[in-house]
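# Close look at the chain arrangement
One letter stands for each residue in the lines below.
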Amino acid sequence: MKKRIAIFASGSGSNAQKIMEHFKYSSLAEVALVLSNNPDAYVVQRADNFEIPSHIFDKRTFYESEEIIDLLKRLEIDIVVLAGFLWLVPQNLLKSFPNKIINIHPSLLPKYGGKGMYGDKVHKAALQAGDQEHGITIHFVNENFDEGEVIHQAKFKIESNDTLETIKFKGQQLEHQYFPRVIENLLKKYN
Ligand code: GAR
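Residues numbered from 1 in each chain as written. Predicted model: local features only at pLDDT ≥ 70, side-chain atom pairs only at ≥ 80, totals over all residues. Heavy atoms only, no water.

Tallied over the full model, the rule gives eleven aromatic pairs. On the basis of an interplanar angle of 35° and a centroid distance of 6.1 Å, the ring pair of tyrosine 63 and tryptophan 87 is categorised as tilted. With a gap of 24 residues between them, tyrosine 63 in helix 3 (residues 59-64) and tryptophan 87 in the loop between strand 4 (79-82) and helix 5 (91-96) connect regions that are remote in the sequence. A cation sits over an aromatic face here: arginine 181 above tyrosine 178, 5.5 Å from the ring centre. (Phe/Tyr/Trp six-rings, centres within 6.5 Å; stacked < 30°, edge-to-face > 60°. Helix = DSSP H or I, 4+ residues; strand = E, 2+ residues; numbered from the N terminus. Lys NZ or Arg CZ within 6 Å of the ring centre and 35° of its normal.)

Here's what the structure looks like:
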């Protein structure tokens, strides 16, 4: 039976798009569900385009009920992928999917992670620090923001003529290149 992926995303969902593309014709796995806290998120439209069901939830449901866990269990989800999802994952969800929840972050963690560190803020911090290199991290999720065991990092050099826009673009290219592959490699190790 194919492995089943659930993607949580709050925004545009360009990573979700790459994952849905990657597994569209895969015999190993399929994206079974896209979940979002934001009904207006473009990721919902992207899921529709792939005819993948989406589920919108609010803060109370996420933090004060078992509804999301029940849904993921009912759909026999094997791996939970956070792709631009900015809420902390509650304990009950972590416990229900031990080592099965992964996140992507647009920096070389532990640099520039933590609450409120997302989007341009991350890249600005790297530029302001005068870093010579920047990159992305894919990691297991734990009870803290942007922590948990690192699964994969990819980096690029920051050149003297790089700007916020160019490093953002380079980081995004790496995310799109590696996230689907890392998910695939993890799933291959599952029974
Ligand atoms: C990605 O760059 C991802 O690394 C970041 O959100 C973006 C979502 O883009 N995640 C975090 O910052 C998590 N702390 P997307 O909606 O186009 O995939």
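What follows deals with the site of the ligand. Lining the immediate environment of the ligand, one finds Ser12, Gly13, Ser14, Asn15, Gly84, Ile104, His105, Pro106, Met117, Tyr118, Asp146 and Glu175. Side-chain polar atom of glutamate 175 to an oxygen atom of the ligand: 2.5 Å apart, as the coordinates give it. When contributions to the shell around the ligand are tallied by element, the ones reaching two or more residues are helix 1 (14-23) and strand 5 (101-105). Grouping the constituent residues of the shell around the ligand by class yields four nonpolar, six polar and two charged. (Near = heavy atom within 4 Å. Polar contact = N/O pair within 3.5 Å; in protein donor to acceptor, adjacent residues only side chain to side chain. Nonpolar A, V, L, I, M, F, W, Y, C, P; charged D, E, K, R; others polar.)

Below, the discussion takes up the sheet that holds strand 2 (residues 29-36). A sheet is described by the order of its strands in space; here seven strands give the open sequence 3-2-1-4-5-6-7, paired in mixed fashion. This sheet does not close on itself; its edge strands, each paired only once, are strand 3 (54-56) and strand 7 (150-157). Across the sheet, the mean angle from the axis of one strand to that of its neighbour is 20°, orientation sign disregarded. One ladder, built from three bridges, connects strand 4 with strand 5; its direction is parallel. From the neighbouring strand, leucine 82 faces strand 5, where its bridge partner is asparagine 103. Against the sheet, helix 4 (residues 67-74) touches strand 1 (3-8), strand 2, strand 3 and strand 4, its axis set at about 165° to strand 2. (Pairing = 2+ DSSP bridges. Axes fitted to C-alpha atoms, helices over the stretch in contact; angles between N-to-C directions. Contact = heavy atoms within 4.5 Å.)

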